[in-house]
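# Report on the structure
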Amino acid sequence: MDEQLLAGPDGEPCLRFGAPVARGTLRALVAERQRQLAAAGLGEHGTVALRMPPSPEFVAVLLAAWRSGAQAVLLDHRLTTVEVDRAVERLHPRVLVELADGRPRFRSLPGGTAAATGHALVQLSSGSTGPSKVIARTAADLLRELDCYARLPEFPTRGERTVLLSSTVHVLGLVGGLLHALHAGVELVVPQRMTPAGILATVAEGTAPTTVIGVPFHAELLAAAAAPPELPQLRRMIVAGELVRPQLPAAFRGRFGVPLGTMYGMTETGVIATDLSGRNHPAVEPVHGMELSADGGELHIARAESPYLGLTDPTRWSDGLLHTRDAALIEAATGLVTVLGRRDSQISIGGLKVDLNEVEQALTGLPGVVEAVVLFADGAIEAYAATAEGVTSSPSERDGPAEQLRELLAKELAGYKLPRRLHLMPQLPRTATGKLLRDAAALRRQADAAR
């Protein structure tokens, strides 16, 4: 698969992480990293975990792993050591590659095993390593998704540029950004500064038709930019990862004169449906070959095999159907799909997936915490916890017990998963049936009364 991605003239610029990287330079780098992986003990059917930020080295190591016939496990470089150790314990990779002083460091891991399946790629949905959260995809499935992108007339094509704001560890940035760019001959540019000024300057640096790919948070930043420069090369921005605020597409077009396109997808399948022109918003049209249905208001996707490694929760995949846990409506006449939001505990913060159950479990595992409720309200994660001592604490108390617990939690979870507000209460309120109350307004009132 790596040879298909690297096809094209040697001198053609294909990547720009600050400095440009030509296709021939990348080929040479891939060959060198393949030798280093072999020296670390990686061979065909081996497993290698990558914990690297977006960079030419990340691209080279990933392609080198595939050239070696190995299975690549992608770990977000922002994960804590605890989270990485948990993933290694769960997946048993033979080699872990991390970036140190700009260079890859190859570490052979004791207890590493050969890949149990023929999947080329393994990703961890929501940063979790529990059953049904370890997602695997074959090379054939990745190539199928690339074919879907190639069939979209508004998606970047040879001679154009993609300015990528999404992480290359996650499915949109990886396949829709990086792999599509390599496969289609599109120059991929990653801004060095993810600020409105930095992104707009990156767009302005080139003359080729340019598409910006990110999450709605990035579009919000750009739409609010004061006096942006003239950008005749900008064709559109495409966002995915969470629902778009209803007023955002018009605000973006008003600011830049180009459409804000939307995509819907999952780590399990890649891209599912798109509206790159903005004509159908909030509806999206299924991509080539994607068979969608709705049952009880939940969107289902036809998939012959489970995308999960290990145990599969039948509420996620069964009888040839992937249960998205997203509420959706499908128009019978057109087949257009309108996604209404999540039906479970997974939410999105700036395009990064967070499983609220994972945060809740980590919080209840801290010393002295008896029980906890973690919610997403008013655009932020809020946590309510009861301790064995029955203490109370406000999130505004900088050195109080709530802040101390939050610091402990930061050692367990990546920063984007941490609650913005953590309230401590003598005990958490319950419903008439004895279950923990999960109403944000009621919990806030209870917390205020306790203080």
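The structure we're discussing is the one just above.
Residues numbered from 1 in each chain as written. Predicted model: local features only at pLDDT ≥ 70, side-chain atom pairs only at ≥ 80, totals over all residues. Heavy atoms only, no water.

### Considerations on the packing of helix H3 (residues 56–67) against helix H6 (residues 171–184)
Between H3 and H6, the least distance of the axes is 13 Å, while the angle of their chain directions is 75 degrees. Compared by their axis directions, H3 and H6 come out roughly perpendicular. Residues Phe-58, Val-59, Leu-62, Leu-63 and Trp-66 of H3 touch H6, and the partners they reach there are Leu-174, Leu-178, Leu-179 and Leu-182. Along the lines of polarity and charge, the residues of the contact of H3 with H6 split into 9 nonpolar, no polar and no charged. (Axes fitted to C-alpha atoms, helices over the stretch in contact; angles between N-to-C directions. Helix = DSSP H or I, 4+ residues; strand = E, 2+ residues; numbered from the N terminus. Parallel < 35°, antiparallel > 145°, perpendicular 65-115°, else oblique. Contact = heavy atoms within 4.5 Å. Nonpolar A, V, L, I, M, F, W, Y, C, P; charged D, E, K, R; others polar.)

### Concerning the sheet that holds strand E25 (residues 421–425)
Read from one edge to the other, the open sheet built from 3 strands follows the order E23-E24-E25, with strand pairing classed as mixed. Either end of the sheet is taken by a strand with one partner, and the two such strands are strand E23 (369–377) and E25. Strand-to-strand twist of the sheet, defined as the mean angle between neighbouring strand axes without regard to direction, takes the value 20 degrees. As defined by bridge partners, strand E24 (residues 380–387) adjoins E25 across 5 bridges and the pair is classed as parallel. Looking at E25, one finds that Ala-383 is bridged to Leu-422. Where helix H10 (residues 356–364) meets the sheet, it contacts E23, E24 and E25, and its direction lies at approximately 155 degrees from that of E23. Lying over the sheet, helix H11 (residues 401–410) contacts E23, E24 and E25, oriented at roughly 125 degrees with respect to E25. (Pairing = 2+ DSSP bridges.)

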